[in-house]
Amino acid sequence: MHEGRNCVAKQGDFKEYTVCLYIRLSMEDDDVPGSSFKTESGSITTQRNLLYDYIKSRKEFEGCRVIEKCDDGFSGTHFDNRPQFTEMIGLAKKGKINCIIVKDFSRFGRDYVELGNYLEQLFPFMGVRFISVNDNYDSAELADGSTGGLDVAFKNLIYDYYSREMSKKQKIAWQRMAQLGQYNSTSALYGYRKSEADKHRLVIEPEEAAVVREIFDMKTAGMGTTMIAKTLNDRGIPSPSELYRSRGSARQWKNKDRKSYWTACKVEDIIRDEKYTGTMVQLKTKLDSVGGKQVKRPQEEWVRVEDTHEAIIDYPQYIRAVSSLKQQKAKEGKRQKNIYYCGCCGRALHNAHYGTVFCRQRLYKTDSDCKDIEIYKHDADMAVLAAVKKEAELYLDRDKLSRQAVKRNASLSVSDRINAIVKSMEAAQKGWFALYDKYADGKLEREFFLNEKKKYDADMERMEAELAALKQTQEAEENVQDGSKRKAEQAMVFLEEDELTEDMKEKLIKKVVVYPGNRIEIVWRFKGHLGN
């Protein structure tokens, strides 16, 4: 806050003003990262300079006293929780300021109904002139007996509503694109290029696709990601960011003046990307709030559409590479999942250096029932692997019959009704935007516009509820067959393995209980049988 800064003093016939410049910023100060000398946000400085330039350009403010009130880091949604704003209003009530100037209405506040109350009632009563520079609003220039406050507030309220509707429409468009399997990114995925006929469809880029296949081949052969990256760099193969930059991509890359190389992280990103199997996977993240940060969505919320583009690698190879990656991570971190537990006391079994797993309870109590709990880990692993393969075989047999049954009973009516409602919602939105344009042009009365808005809101609420119900029905119908092909291919990969993998432990096994006589009991993560 700065007080007492004066304009150039000159005598004139103008009203003597004591001006308060109100400045607000709700974003964190991140314009100069790491600067220990930075004391306020760059946008604050920008607002201040704009307001002082405005004062200097107006003769009636020559010689006036200027006070600054600055709320840095406060939201404009509420008026009563901003300390500097509260002080400013207190000074206005006491008659110590008679003019308030802001950059635009949103700096004063984002509750436009409350803004209207200030412009229409409070400021005229206190004799305070209000100026919003960028909005070209000056209460002193309005006709006698009219403040224009409610009109300004209403227009801003409608603009805010219009913006929210546009944002909602954008989200609906992204959702539909994802459901249709359309690619929605500024740059093509490495290994592909955008189709000239349809920018939302990926087509293979042969040279890059060959590198992707080689990466998967090296990983499934057991090579680590660091060694894969080193191999690619030694052979002079450009990394994805280096390749995009050489093609003049407008995308902003970090360290743009420095050459970019393959890294273990980039290799891992490619291995984990399911889109290389021809399946479009989108909407994996979302904003945690308006203007907030991207956060990961739960996997069940991802939108996955199969066969949207030509695959570079098949799904079984993708599974094998990801499984190999998990094995590598476990070995590097020495965090191989322990699945063996004592059948007597329930404790996790201990790995002995000579290849067995045993219960440590016998070390502390010689007559413990746990004294006979010991089994060679390799033998136990092979027994569990055999059980996994048996479950995989049973699943493949059931899956074939299940898909045939689902195909016979599949309903198309729900999908047709969903499409019809989506089209109706889009038509209603178009009608609303056309109505708003007419109102903005002064062709509609406010009362008529408000009545039509209520009808539109009611119709949209009804259609949204119906759409949500239909989507739940569709999800229930598709639940039986959802991912059956992928699960079958996963089961086939399990059948090909010759050792118990970390992937199997993670996806299938909760624990293995070892009883005396080397009898084991597997507690599965699924109920009944694999895939249920």
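Presented here is a report on the structure given in the accompanying data block. What you are looking at is a predicted structure, and each value in this text was computed from that prediction instead of being measured. Sequence order sets the numbering: in each chain, residues are counted from 1 along the sequence as written. Side-chain atom pairs in this predicted model are given and counted only at pLDDT of 80 or more, local residue features only at pLDDT of at least 70, and totals for whole chains, interfaces and linings cover all residues. The side-chain numbers reported here are obtained from all heavy atoms of the structure, hydrogens and water having been left aside.

**So, the overall build of the protein**
At step 1: From N to C terminus, the protein includes 15 helices and 18 strands.
At step 2: Residue contacts are counted whenever heavy atoms from the two residues lie within 4.5 Å of one another. Across the protein, every contact between residues at least 6 apart in sequence was considered, and the portion connecting residues at least 24 apart equals 66%. The helix count covers DSSP runs of H or I at least four residues long, the strand count covers runs of E at least two residues long, and both are numbered beginning at the N terminus.

**Digging into the sheet that holds strand S14 (residues 350–351)**
At step 1: Pairing between strands is defined by DSSP: at least two bridges between the two strands are required. Pairing in this open sheet of three strands is antiparallel, and the strands run S14-S15-S16 from one edge to the other. At either end of the open sheet lies a strand with only one pairing partner, and these are S14 and strand S16 (374–376).
At step 2: Relative to S16, strand S15 (residues 356–358) runs antiparallel, the two being bridged by three bridges. Each residue of the ladder has a partner; that of Phe-358, found in S16, is Glu-374.

**Looking at the nonpolar core**
At step 1: In this structure, Tyr-190, Ile-215, Phe-216, Trp-262 and Tyr-276 are the most contacted members of the largest nonpolar core, which totals 34 residues.
At step 2: Elements with a minimum of two residues in this core: strand S8 (202–204), helix H6 (206–220), helix H7 (225–234), helix H8 (240–246), helix H9 (264–272) and helix H10 (315–333).
At step 3: Setting aside chain neighbours within four positions, we find Ile-215 in contact with Ile-228, Leu-232, Trp-262, Val-267, Ile-270 and Ile-271.
At step 4: In these notes, a set of buried Ala, Val, Leu, Ile, Met, Phe, Trp, Tyr and Cys residues joined through side-chain atoms within 4.5 Å is what counts as a nonpolar core. For every residue, the accessible area (1.4 Å probe, protein chains only) is compared with the maximum for its type, and the residue is labelled buried under 20%, exposed over 50%, or partly exposed between those bounds. Formed by 23 residues, the second largest nonpolar core is a distinct cluster that contains Val-357, Ala-380, Leu-500 and Met-504.

**Side note on a positive patch on the surface**
At step 1: Residues forming no salt bridge and having over 30% relative accessible area are the ones grouped into patches, like charges within 9 Å of each other and nonpolar side chains (Val, Leu, Ile, Met, Phe, Trp, Tyr) within 5 Å. Surface exposure here means Shrake-Rupley accessible area, sampled with a 1.4 Å probe, where a residue is shielded only by the protein chains that are shown. Salt bridges are defined as contacts in which a side-chain nitrogen from Lys or Arg sits within 4 Å of a carboxyl oxygen from Asp or Glu. Working convention for charge: Lys and Arg count positive, Asp and Glu count negative, and His plus the chain ends are omitted. Where a charge sits is defined by one atom per residue type, namely NZ (Lys), CZ (Arg), CG (Asp) or CD (Glu). A cluster of like positive charges, contributed by Lys-337, Lys-510, Lys-511, Arg-525 and Lys-527, occupies part of the molecular surface.
At step 2: Inspection of the secondary structure assignment puts Lys-510 in strand S17 (residues 509–515).

**Things to note about the environment of Gly-127**
At step 1: Summarising the element assignment, Gly-127 is placed in the loop between helix H4 (112–126) and strand S5 (129–132).
At step 2: For Gly-127, a relative accessible area of 37% corresponds to the partly exposed category.
At step 3: Placed 34 residues apart in sequence, Gly-127 and Lys-93 show a C-alpha to C-alpha distance of 9.5 Å.
At step 4: With sequence-adjacent residues up to four places away left out, Gly-127 is seen in contact with Lys-15 and Asn-98.

**Looking at the sheet that holds strand S13 (residues 340–342)**
Across a sheet, strands are paired by hydrogen bonds formed along the backbone, either parallel or antiparallel in direction.
At step 1: Taken together, the three strands give an open sheet; going across it, the order is S13-S17-S18, and neighbouring strands pair in mixed fashion. Each edge of the open sheet is held by one strand with a lone partner, namely S13 and strand S18 (519–524). Looking at each pair of strands side by side, their axes are set apart by 30° on average, direction ignored.
At step 2: Direction of pairing for S17 relative to S18: antiparallel, over a ladder of six bridges. Within S18, the position partnered with Lys-511 by the bridge is Val-523. To get an axis, a line is fitted to the C-alpha atoms, and for a helix only the part in contact is used. The angle between two axes follows their N-to-C directions and goes from 0 to 180 degrees.

**Let's talk about the pattern of salt bridges**
At step 1: In total, this model carries 24 salt bridges according to the counting rule given.
At step 2: Across the pair Asp-138 and Arg-129 runs a salt bridge, and its minimum N-O distance is 2.6 Å. Just as Asp-138 is buried, Arg-129 falls in that class too.
At step 3: A salt bridge links Glu-268 to Arg-272; the shortest N-O distance between them is 3.0 Å. Linking Glu-268 with Arg-272, this pair stays in helix H9, spanning four residues, or about one helical turn.
At step 4: One salt-bridge network, in which partners are shared between bridges, spans Arg-58, Glu-60, Arg-129, Asp-138 and Glu-141.

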